[in-house]
Amino acid sequence: MKTLLKGGQVVSGSGTAAVDVLLDGETIAAVGPNLSADGAEVVDCAGKLLFPGFIDAHTHFDLEVAGTITADDFITGSRAALRGGTTTVIDFAAPDKGESLHAGLRRWQKKADGRCACDYGFHMTIDDWNEGISREIGEMMEEGIPSFKMYMTYPAMMLGEEDMYFALKRLKEAGGLTGVHCENHGIIDALIAEKKAVGAMNPSSHPRTRPNGLEAEAVSHLLRLAEQVDTPVIIVHLSTKEALEEVRAARNRGQTVYVETCPQYLLLDDSVYDNPDFMEAAKYVCAPPLRTVADQEALWLALGSGEIQTVSTDHCSFTTAQKRAGRYDFTKIPGGLPGVETRGVLLYTAGVAAGRITVSDLCRVLSENAAKLYGCWPRKGVIAPGSDADLVVYDPAADATITAANQIQNVDYNPYEGFETKGSIARVYLRGRLAVNHGEVLVGNSGQFIHRGKNCL
Ligand code: DUC
Ligand code: ZN
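Residues numbered from 1 in each chain as written. Chains lettered and ligands numbered in written order. Predicted model: local features only at pLDDT ≥ 70, side-chain atom pairs only at ≥ 80, totals over all residues. Heavy atoms only, no water.

Trainee: Mind laying out the coordination of the zinc ion (ligand 2), listing which residues take part and the relevant values?
Mentor: With distances of 2.0 to 2.2 Å, the protein atoms coordinating the zinc ion (ligand 2) are H58 (NE2), H60 (NE2) and D314 (OD). Look at where the donors of the zinc ion (ligand 2) fall in the sequence and you get H-x1-H-x253-D. Side by side, H58 and H60 carry an identical accessibility label, which is buried. (Donors = N, O, S within 2.8 Å, 3.2 Å for Na, K, Ca; no water. Buried < 20%, exposed > 50% of the residue type's maximum accessible area, 1.4 Å probe, protein only.)

If you want it as structure tokens, here you go:
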């Protein structure tokens, strides 16, 4: 089957070009001016922007958190992703402590295989360290899982100093890329104990027990560790201007540090936690918490300057009924926000249309850089001959409004309710097939596991 996308602006990380794109089967056959092809379906893309399919490298589908399971599994989450222009998700496989990486991987394969509408891969969580896991790192790389995650908080998943040091050394040797959740666990616990002691248990205590400085401290701590090991790392969901300063300091020392942030840290702020209506505040509980407007501005500047490489969602959705578990104790509110369906339109609107970043910046942070970092470039992340025919046709003139009522992610609220978007996603192609047409998802669970290689950013 051939499709010829005519008359659009093709966006890459280095510019835009008024060229046509020919899709043939699952791949892109040609990109150039005035293309024609016998028998191809011709789609008029005049006035539209053509992006490589977006990659969301930070989702949590079908994950157990705080005694409950995320509202979105791979079926609902991946459909929502596609609808939002995301043609590949990379989710976090999470073995239990004491379990082998292979056992964790098998569980995640069972959750995802044959149940995913878009293409997918896994990062592997390292929440324990022993000889067996050290051996398995190489095996994971061979399985097409070259990226790993470590936590500096959450007792069920965090690693101690020594284990983290040896894990980073082993990951460096294997050529894996390590993402780290940076928060200072000990002091967060101390601040929570202080809030408990005075009975301050509503959601307004959530951001106050996870202040900016503690993210910066953890980032600094990790980066000194990475310096000792002499290995690159990626800071996931970086949320504060102070943590950004620590990244700059490490880069000035000569270290390679990559940074991911998320739409919620760019568009939402911590004033929501002071809403006296419990649910209106609880909806926004996530870790790290939402920050200040000054933090948002620092993150936008860093996106524009290229200091932040990717924007993924940390999609970890819970319904309001699930959030209610923390009615009398904010620490029991399951943490996480839905976002996989709205990342593209939010970033286009608040970034490109607002003049903060260019369309090429957008292409890099939503697609190209993730493809390079996570080892699926140039199969993904670029509109070029030979690449998978994953494309987003964006209509900058089709303004819309985000509401829970018209979303398909499996959750009964939207953190951006009422947000007016500049433009919207007209079409999404997944490996050559029209997967979404004006919001209607047309494919079933046709996503494929993507075997990835090493970071080439
Ligand atoms: N933060 C969240 O809010 N939810 C899931 C995991 C995480 O790091
Ligand atoms: Zn996460």
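That was the structure; now back to the text.
Trainee: I'd like a description of helix α14 (residues 359-373), backed by residues and values.
Mentor: Look at α14: 20 Å from first C-alpha to last across 15 residues, which is about the 21 Å you get at 1.5 Å a residue. Taking the largest bend as the criterion, α14 deviates by roughly 50°, centred on V365. In terms of burial, α14 is a largely internal element, 14 of the 15 residues being buried. (Helix = DSSP H or I, 4+ residues; strand = E, 2+ residues; numbered from the N terminus. Expected span 1.5 Å × (residues − 1). Bend = angle between axes of the 7 residues up to and from the residue.)

Trainee: If you had to explain empty space enclosed by the protein to someone new, which residues and values would you point to?
Mentor: In total, this model carries 3 cavities of 30 Å³ or more according to the counting rule given. Each pocket or cavity is described by its volume, and for the largest cavity that value is around 60 Å³. Residue lining of the largest cavity: 14 residues in total, with H123, F148, G179, V236 and Y374 positioned closest to the centre. Contributions of two or more residues to the lining of the largest cavity are made by β8 (54-59), β13 (147-151) and β14 (177-181). When its residues are assigned to classes, the lining of the largest cavity shows 7 nonpolar, 5 polar and 2 charged. Approximately 40 Å³ is the volume found for the second largest cavity. Around the second largest cavity sit P52, G53, I55, T87, T88, R379, K380, G381, V382, D388 and D390, which together line it. When grouped by side-chain class, the residues that make up the lining of the second largest cavity number 3 nonpolar, 4 polar and 4 charged. (1 Å grid on protein atoms, 1.4 Å probe; cavity = no way out; pocket = protein on both sides within 12 Å on 5 of 7 lines; lining within 4 Å. Points joined across faces, edges and corners; volume = space filled by probe spheres on them. Nonpolar A, V, L, I, M, F, W, Y, C, P; charged D, E, K, R; others polar.)

Trainee: Account for the side chain of D329, with residues named and values stated.
Mentor: One can find D329 in the loop between α12 (320-323) and α13 (343-353). A polar side-chain atom of D329 sits 2.6 Å from a polar atom in the side chain of T331. In this structure D329 touches K196 and M201, once residues within four positions along its chain are discounted. (Polar contact = N/O pair within 3.5 Å; in protein donor to acceptor, adjacent residues only side chain to side chain. Contact = heavy atoms within 4.5 Å.)

Trainee: How would you sum up the side chain of S360? Please name residues and give values.
Mentor: Along the chain, S360 turns up in helix α14. One polar contact links the side chain of S360 to the main-chain carbonyl oxygen of S12, over a distance of 2.9 Å. Apart from the residues within four sequence positions on either side, S360 is in contact with V11, S12, G13, S14 and G15.

Trainee: Outline the domain arrangement of the chain, listing residues and values.
Mentor: Assigned domains of the chain: these are domain 1 (2-50 + 382-397 + 418-441) and domain 2 (53-373). Each partner contributes residues to the interface: domain 1 has 28 residues there, and domain 2 has 23 residues. The junction of domain 1 with domain 2 conceals about 1,900 Å² of combined surface from both sides, 68% of it contributed by carbon and sulfur atoms. On the domain 1 side of the contact with domain 2, G13, F419 and V441 bury the most area, a combined 25% of that side's loss. (Domains from an automatic or database assignment. Buried area = accessible area lost by both parts, 1.4 Å probe.)

Trainee: So, the site of ligand 1: which residues are in play, and what are the values?
Mentor: Near ligand 1 you find H60, Y154, H181, H237, C286, A287, D314, C316, G335 and G336, and these make up its full shell. With respect to ligand 1, the backbone of G335 contributes an N or O atom lying 2.9 Å from a nitrogen atom. The backbone of G336 places a nitrogen or oxygen atom 3.4 Å from an oxygen atom of ligand 1. Contact with the protein chains hides 95% of the accessible area of ligand 1, taken as 240 Å² for the molecule alone. Among the cavities detected, the one that contains ligand 1 is the largest pocket. Split into classes, the residues belonging to the shell around ligand 1 amount to 4 nonpolar, 5 polar and 1 charged. (Near = heavy atom within 4 Å. Areas by Shrake-Rupley, 256 points an atom, 1.4 Å probe, with all protein chains shown as cover. Sits in = over half its atoms within 2 Å of the grid points.)

Trainee: Quick one: what's the story with the nonpolar core, residue by residue and with numbers?
Mentor: Ranked by internal contacts, the top residues of the largest apolar core, which has 111 residues, are F51, L82 and I126. Ranked by the residues each element gives to this core, the list is headed by helix α7 (residues 212-229), at 8 residues. Each of domain 1 (2-50 + 382-397 + 418-441) and domain 2 (53-373) gives at least three residues to this core. The residues contacting I126, other than those within four sequence positions of it, are L101, I133, I137, F148, K149, M150, M157, L159 and A167. (Core = buried A, V, L, I, M, F, W, Y, C linked by side-chain atoms within 4.5 Å.)

Trainee: Before we move on, can you summarise the pattern of salt bridges with the specific residues and values?
Mentor: For the structure shown, the criterion picks out 27 salt bridges. Across the pair R431 and D119 runs a salt bridge, and its minimum N-O distance is 2.7 Å. On the criterion of sequence distance, the pair formed by R431 in the loop between β21 (424-430) and β22 (433-437) and D119 in strand β12 (residues 119-125) is long-range, its members being 312 residues apart. D119 gets classed as buried once you look at its relative accessible area, which sits at 0%. Members of the salt-bridge network, linked through shared partners, are E26, D119, R379, K380, D388, D390 and R431. (Salt bridge = Lys/Arg side-chain N within 4 Å of Asp/Glu carboxyl O.)

Trainee: I'd like a rundown of the sheet that holds strand β18 (residues 391-395), residues and numbers included.
Mentor: The mixed open sheet is built from 7 strands, whose spatial order is β3-β2-β7-β18-β21-β22-β23. Each end of this open sheet is capped by a strand with a single partner; those strands are β3 (15-18) and β23 (440-441). Both strand β7 (residues 49-52) and β18 contribute to a ladder of 4 bridges, which runs antiparallel. Bridging across to β18, L49 finds its partner in Y394. (Pairing = 2+ DSSP bridges.)

Trainee: Report on the environment of E183, specifying residues and quantitative values.
Mentor: Tracing the backbone through its elements, the reader meets E183 in the loop between β14 and α5 (185-197). On the accessibility criterion, E183 (2% relative accessible area) is buried. Leave out the neighbours within four places in its chain, and E183 touches M152, T153, I188, R210, L214, A218, A287, P288 and P289.

Trainee: Could you give an account of the state of the cysteines, naming the residues involved and the relevant values?
Mentor: Here the structure, examined in full by the defined rule, presents 0 disulfides. Here C316 is not disulfide-linked; the sulfur of C286 is the nearest cysteine sulfur, at 9.5 Å. Cysteine C363 shares no disulfide, and the gap to the nearest cysteine sulfur, in C376, comes to 13 Å. Given the relative accessible area of 1%, C363 is considered buried. (Disulfide = S-S within 2.5 Å.)

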